[in-house]
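Chains, contacts and geometry: an overview
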Amino acid sequence: MKFNKKRKNYKINCMSLRLCWDDFPEQTDDKAFLDNLLLKPEEEACNNSDCNKSIADSILSSSVLIKGDNYPVLQLMKDELLGKVNVIYIDPPYNTGNAFTYKDNFSTSDDRHSAWLSFMNRRLKLAREMLSDDGCIFIAIDQSELYVLKLLCDSIFGEDNFVNDFMWLHGKGKKDTWSRTLQQNTLCYAKNKTKLKSFTEVESTDWAKTNADDDPRGNWFSGSVSFTEKRSNPKHKNYYSITSPSGIVWTRQWQKSREEMERLLAENRIYFGPAPEYNSVPRIKIFNGEQTEVIPRNIIDCVDSTRKAQRHLDKLLGVKGVFDNPKPVELISHLIEITQMKRDAVVMDFFAGSGTTFEAVAKVNEADGGTRRCILVQSGEVVETNNQFRTIFDICKKRCELIAEKYKQTLEVWKLVIEAAPSVECLRSSSEA
Ligand SMILES: C[S@@+](CC[C@H](N)C(=O)[O-])C[C@H]1O[C@@H](n2cnc3c(N)ncnc32)[C@H](O)[C@@H]1O
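Computed from a prediction, not measured in an experiment: that's the story for all the values here.

Points about the packing of helix H3 (residues 70-81) against helix H4 (residues 112-130)
Contact geometry of H3 with H4 gives a least axis separation of 9 Å together with a crossing angle of 20°. Classified by the angle between their axes, H3 and H4 sit roughly parallel to one another. Seen along the crossing, H3 lies across H4 with a hand that is left-handed. The segment H3 lies against H4, with Asn70, Tyr71, Leu74, Gln75, Lys78 and Leu81 engaging Arg122, Arg123, Leu126, Ala127, Glu129 and Met130.

Some words on the site of the ligand
The local shell around the ligand holds 18 residues, among which Asp91, Phe351, Gly353, Ser354 and Thr356 are the closest. Elements with a contribution of two residues or more to the shell around the ligand: H3 and strand S19 (373-378). Across the shell around the ligand, the residue classes tally to eight nonpolar, six polar and four charged.

As for the nonpolar core
Counting residues in hydrophobic clusters, the biggest one holds 81 residues, and the most contacted among them are Ile66, Ile88, Val347 and Leu376. The residues contacting Ile66, other than those within four sequence positions of it, are Leu39, Val73, Leu376, Val377, Trp414 and Leu416. Membership of the second largest hydrophobic core comes to eight residues, among which are Val225, Trp254, Phe272 and Ile284.

Re the sheet that holds strand S15 (residues 283-287)
Pairing in this open sheet of three strands is antiparallel, and the strands run S11-S15-S14 from one edge to the other. Where the open sheet ends on each side, the last strands, each with one partner, are strand S11 (220-223) and strand S14 (270-271).

Section: the pairing of S19
When you tally the buried positions in S19, you get six out of six residues, the bulk of the element. Judged by which residues are buried, S19 turns out to be covered on both faces: Arg373, Ile375 and Val377 on one side and Cys374, Leu376 and Gln378 on the other are all buried. One ladder, built from four bridges, connects strand S18 (residues 346-349) with S19; its direction is parallel. When the sheet's bridge partners are listed, Val347 is paired in S19 with Cys374.

Side note on the confidence of the model for the chain
In this model, the chain carries an average pLDDT of 90, and 90% of its residues clear a pLDDT of 70 or more. With pLDDT under 50 throughout, residues 422-431 is counted as low confidence; its partners more than four residues away or in other chains account for eight contacts.

Notes on helix H10 (residues 392-407)
In this model H10 runs 22 Å from its N-terminal to its C-terminal C-alpha over 16 residues, within 8% of the 22 Å that 1.5 Å per residue would give. Within the sequence span of H10, burial applies to Ile392, Phe393, Ile395, Cys396, Lys397, Arg399, Cys400 and Ile403. Tucked inside the fold, the buried residues of H10 contact strand S2 (63-67), helix H7 (306-317), helix H9 (356-368), S19 and strand S20 (411-418). Directly after H10, the chain includes Lys408, whose backbone phi takes a positive value near 55°.

Side note on the domain arrangement of the chain
Domain annotation for the chain reports domain 1 (34-197 + 300-432) and domain 2 (202-294). Measuring from the centre of the C-alpha atoms in domain 1 to the corresponding centre in domain 2 gives 43 Å.

With respect to the environment of Ala115
With respect to the secondary-structure elements, Ala115 resides in helix H4. The buried category is assigned to Ala115, around which 20 C-beta atoms lie within 10 Å. Sequence separation between Ala115 and Asp23 is 92 residues; the distance between their C-alpha atoms is 7.1 Å.

Some details on helix H8 (residues 329-338)
Within H8, eight of the ten residues are buried, which leaves the element mostly enclosed by the surrounding structure. Three or more residues of H8 are buried, namely Val329, Leu331, Ile332, Ser333, Leu335, Ile336, Glu337 and Ile338. One or two steps after H8, the chain reaches Gln340, where phi turns positive at roughly 60°.

Regarding the pairing of S18
Burial along S18 is two-sided: Val346 and Met348 and Val347 and Asp349, pointing in opposite directions, are all buried. The pairing of strand S3 (residues 85-90) with S18 spans two bridges and is classified as parallel. What sits directly across from Val87, in S18, is Val347.

Rules behind the numbers
Residues numbered from 1 in each chain as written. Predicted model: local features only at pLDDT ≥ 70, side-chain atom pairs only at ≥ 80, totals over all residues. Axes fitted to C-alpha atoms, helices over the stretch in contact; angles between N-to-C directions. Helix = DSSP H or I, 4+ residues; strand = E, 2+ residues; numbered from the N terminus. Parallel < 35°, antiparallel > 145°, perpendicular 65-115°, else oblique. Left-handed = near helix turned anticlockwise from the far one by under 90°. Contact = placed C-beta atoms within 7 Å. Near = placed C-beta within 6 Å. Nonpolar A, V, L, I, M, F, W, Y, C, P; charged D, E, K, R; others polar. Core = buried A, V, L, I, M, F, W, Y, C linked by C-beta atoms within 7 Å. Buried ≥ 20, exposed ≤ 12 C-beta atoms within 10 Å, placed from the backbone. Pairing = 2+ DSSP bridges. pLDDT = per-residue confidence, 0-100. Expected span 1.5 Å × (residues − 1). Domains from an automatic or database assignment.

Structural data, given as structure tokens:
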């Protein structure tokens, strides 16, 4: 349908796409209250006034686990970590109304969506400031708040910086009378999409069904190995010529170095189209069983289910069911890996839960020899039903210590503490921060 710009007096259907909610303030919005709080390494917490070490100093060489409410923790870290965090993964409470190990219910207030949005808005704004220019954030969520979260993130990060919703198929699905929901969502936003590297995933090929040149190595499919002449950069080091068996010269920017291309040609891995013309754009032959780099799919079905992740955690801690719904380690390591972020990236998770993100980072480091470091924040939320661990922070700390030992990672434990003489109310609300 064509829109008639000249038409006069046409009716405008007006609906604001902005998200509106009632703000639920928090204690540390009050600067005077925030001024009472400090971050300190655990062993020196509370009494040692000489401790001037900063989080920024610590993350140069170590991962850091911080006990405290993430809002004041982020407020206190913001200036030091401005633009220094490369990847953020968070798995906040989804606001399902359920009673898990952790509180997942914002309905004590009369408007649970507003309460949840106020909570997330404060934290995501601070998170954005800490991201590096080429950084990105992944936010796990389900349908309870997915649709409002998308609008909230559009307003904080900008709609243009939305990368995708990476959907994890987490098992048999969450069922109700009408359907089974198979996915949990992971919204991904860039700090600045023009500076975010393209995402890549390594895939194993097993679908090639043809063998156009009867190659004795078996079936293959062809993949792109060059840029079109128009998109080629003549100054690029991979700009050179190759010649087909029929003498056609192809000059352009290749995705392989000259040496690698020579090897591929010698191994008959470059296909120039059918003989005797050999006149198609040269492409690389990829055989079944080989690994290739592809643009990642937004459906993740190659990692463990919730149930398996739970079993993994139980085994690691040697106790059954101490924490509900931990994420699979492979889910988070997959997300870190597809970003292609540098090997000494700083990864942050300020809803650390059982500490899965730390294990994921340790595994990625082990796989590629990287020195990525983690900043984890977890509150001292009390565990109601378990007597082995008093708080979720204790669960997280135990897991992180075990993982640090297994993967030879260094870990510092920090605390949010009250420095100045606090009021009685301040002490009460922060004692389990
Ligand atoms: C869904 S769980 C995260 C699970 C985690 N991804 C894992 O695999 O174990 C959310 C966590 O955020 C924590 N949390 C909730 N509000 C918090 C806050 N204001 N500050 C710090 N942690 C908080 C909860 O205690 C809970 O452990």
